[in-house]
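Architecture and fold: a report
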Amino acid sequence: MVPEDFLEFSKKFESGFLYWIEDDRPLMIRADFQITGEKIDVTPRKSSFIKAPTPGLSVTLLFANPYYTEQCEMGIVKGELKAGGEEGSLEIVAHDIMWTFSFDLDKYPERLVKRWRK
């Protein structure tokens, strides 16, 4: 089950990047995603250079806004990929979820990161 706070946080982002290792090579493809309280669906975008990952692989979904220091917000989902319901859709069975909160350097919060582990 996906934490409610993370579900709300993820609605700010339209797409992200899906990372995985295949044949000892790190690979990455842009992917659309939809997160509900029950599951995380990803749909890799078409690429003429890289084929989408196959179910059964360990993957990481990363999404972030364009800032690098102040006001940076980022979400990371690590888990195992499995076949999804719709054509081209895959599902991530999450093992770890992490996300950051935007902050102002003048008002640095004590806690920037929330983590969830299955």
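Residues numbered from 1 in each chain as written. Predicted model: local features only at pLDDT ≥ 70, side-chain atom pairs only at ≥ 80, totals over all residues. Heavy atoms only, no water.

Description of the overall build of the protein
When helices and strands are tallied, the protein shows one helix and seven strands. In the protein, which comprises 118 residues, the proportion classed as buried is 37%. Here the contacts in the protein between residues at least 6 apart in sequence split such that 48% fall between residues at least 24 apart. (Helix = DSSP H or I, 4+ residues; strand = E, 2+ residues; numbered from the N terminus. Buried < 20%, exposed > 50% of the residue type's maximum accessible area, 1.4 Å probe, protein only. Contact = heavy atoms within 4.5 Å.)

Here's the deal with the pairing of strand β1 (residues 15–22)
Taken together, the eight bridges between β1 and strand β2 (residues 25–35) define a ladder with antiparallel strand orientation. Paired with Leu 18 across the two strands is Ile 29, which belongs to β2. Linkage of β1 to β2, two consecutive antiparallel strands, is achieved through a turn of two residues, within which Asp 23 is found at a positive phi near 55°. Here β1 pairs with strand β4 (residues 58–64) via four bridges, running antiparallel. Within β4, the position partnered with Trp 20 by the bridge is Val 59. (Pairing = 2+ DSSP bridges.)

Overview of the environment of Ile 40
Along the chain, Ile 40 turns up in strand β3 (residues 40–44). Beyond its immediate stretch of four places on either side in the chain, Ile 40 contacts Val 2, Gln 34, Ile 35, Leu 61, Val 77, Leu 90, Glu 91, Ile 92, Ala 94 and Ile 97.

Overview of the nonpolar core
Counting 25 residues, the largest nonpolar core has Phe 6, Ile 40, Leu 61 and Ile 92 as its most contacted members. When residues of this core are traced back to their parent elements, those giving at least two are α1 (4–10), β1, β2, β3, β4, β5 (74–83) and β6 (90–100). Setting aside anything within four residues of it in sequence, one finds Phe 6 in contact with Ile 35, Phe 63, Gly 75, Val 77, Ile 97, Met 98 and Trp 99. (Core = buried A, V, L, I, M, F, W, Y, C linked by side-chain atoms within 4.5 Å.)

A word on the pattern of salt bridges
Taken as a whole and judged by the stated rule, the model has four salt bridges. Lys 11 is the partner of Glu 8 in a salt bridge, and the nearest nitrogen-oxygen pair spans 3.1 Å. The class for Glu 8 is partly exposed, based on a relative accessible area of 42%. Between Arg 45 and Asp 32 there is a salt bridge whose closest N-O contact spans 2.8 Å. Here Arg 45 is found in the loop between β3 and β4, whereas its partner Asp 32 is found in strand β2, with 13 residues between them in sequence. (Salt bridge = Lys/Arg side-chain N within 4 Å of Asp/Glu carboxyl O.)

A look at the pairing of β5
Bridge analysis of β4 against β5 gives seven bridges, and the strand direction is antiparallel. Across the sheet, the residue bridging to Ser 58 is Glu 80, located in β5. Note that β5 and β6 share nine bridges and pair antiparallel. Within the sheet, the bridge partner assigned to Val 77 lies in β6 and is Ile 97.

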